[in-house]
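Per-entry structural report
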Amino acid sequence: AGLLPFEEGESGPGVALAIGDEVRIAVGEEEAKRLQVGHGGWNDRMARCCGRMGRLSAIDKAGDMKVLVPGVGAFVWNPAALRAPHAQRWHTALLE
């Protein structure tokens, strides 16, 4: 399993993810480019993924996450660029 930071930026264990989980590329193009330095680099086609949902297809040894976005392709992302909607709902429920 991989870990995503909590959306609120808390320091904590993060959100556990498994291959096949749905994630959103939750940053815009400029932020994504900045986050990709040292995390697999940037491909101009990745801009089409920003704001879209995809499925986690692999996690590398460094913790970077390969996400398949339908109609665009699979790219390796810095986990800081990703959000797991199901995990956010769970985390939000804990705060209520």
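Turning to the sheet that holds strand β3 (residues 22-25), a few remarks are in order. On the basis of which strands lie adjacent, the open sheet formed by 5 strands has the order β6-β5-β4-β3-β7 and antiparallel pairing. For this open sheet the edge positions go to β6 (73-77) and β7 (82-83), each flanked by a neighbour on one side alone. Bridging between strand β4 (residues 53-59) and strand β5 (residues 65-69) involves 4 bridges; their strand directions are antiparallel. In the sheet register, A58 faces β5, and the bridge partner there is K66.

Across a regular strand the side chains alternate sides, sitting on one face of the sheet and then on the other. By the alternation rule, side chains of β6 split into G73, F75 and W77, which are all buried, and A74 and V76, of which none is buried. Pairing of β5 with β6 involves 5 bridges; the strand directions are antiparallel. Paired with M65 across the strands is W77, a residue of β6. Where β5 hands over to β6, the hairpin turn is made up of 3 residues, of which G71 adopts a positive phi near 80 degrees.

What follows deals with the side chain of N78. Within the fold, N78 resides in the loop between β6 and β7. Looking at N78, its side chain comes within polar contact range of the side chain of H39, at 3.3 Å. If sequence neighbours within four positions are ignored, N78 has contacts with L35, Q36, H39 and D64.

A separate point is the environment of I19. By secondary structure assignment, the location of I19 is in the loop between β2 (15-17) and β3. I19 has contacts with L56, S57, A58 and I59, leaving out every residue within four places of it along the chain.

With 73% of its residues at a pLDDT of 70 or more, the protein shows a mean pLDDT of 82. Scored below 50 in pLDDT, residues 5-13 makes 12 contacts in the model with residues more than four places away or belonging to other chains.

Another aspect to go through is the pattern of salt bridges. Here the structure, examined in full by the defined rule, presents 3 salt bridges. Close ionic contact of E30 with K33 constitutes a salt bridge, the shortest N to O distance being 3.9 Å. With E30 and K33 both in helix α1 (residues 29-36) and 3 residues apart, this pair spans about one turn of that helix. Under the relative-accessibility criterion, E30 is labelled exposed at 57%. With its nearest N and O atoms 2.6 Å apart, the salt bridge here joins E31 to R34. Of the two residues, E31 and R34 are both situated in helix α1; the distance of 3 residues between them amounts to about one turn of the helix. Overall, E31 belongs to the partly exposed group, its relative accessible area being 32%. Here the residues in one salt-bridge network are E29, E30 and K33, joined through shared partners.

Procedures and definitions
- Along each chain, residues carry numbers from 1 onward, in the same order as the chain's sequence is written.
- Note on the predicted model: pLDDT of at least 70 is required for a residue's local features to be given, and 80 or more for side-chain atom pairs to be given and counted; whole-chain, interface and lining totals, by contrast, use all residues.
- Excluding hydrogens and water, the side-chain values take into account all heavy atoms of the structure.
- By the convention used here, strands pair only if DSSP detects at least 2 bridges between them.
- To qualify as a helix, a DSSP run of H or I must reach at least 4 residues; to qualify as a strand, a run of E must reach at least 2; elements of each kind are numbered from the N terminus.
- Three labels apply to residues, based on accessible area from a 1.4 Å probe with only protein chains included: buried if under 20% of the type maximum, exposed if over 50%, partly exposed otherwise in between.
- Polar contacts, as counted here, are pairs of nitrogen or oxygen atoms within 3.5 Å of one another; within protein the pair requires one atom able to donate a hydrogen and one able to accept it, and residues that are adjacent in sequence qualify only if both atoms are side-chain atoms.
- Residue contacts are counted whenever heavy atoms from the two residues lie within 4.5 Å of one another.
- On a scale of 0 to 100, pLDDT captures the predictor's confidence in every residue.
- In the sections that follow, a salt bridge refers to a side-chain nitrogen of Lys or Arg positioned within 4 Å of a carboxyl oxygen of Asp or Glu.

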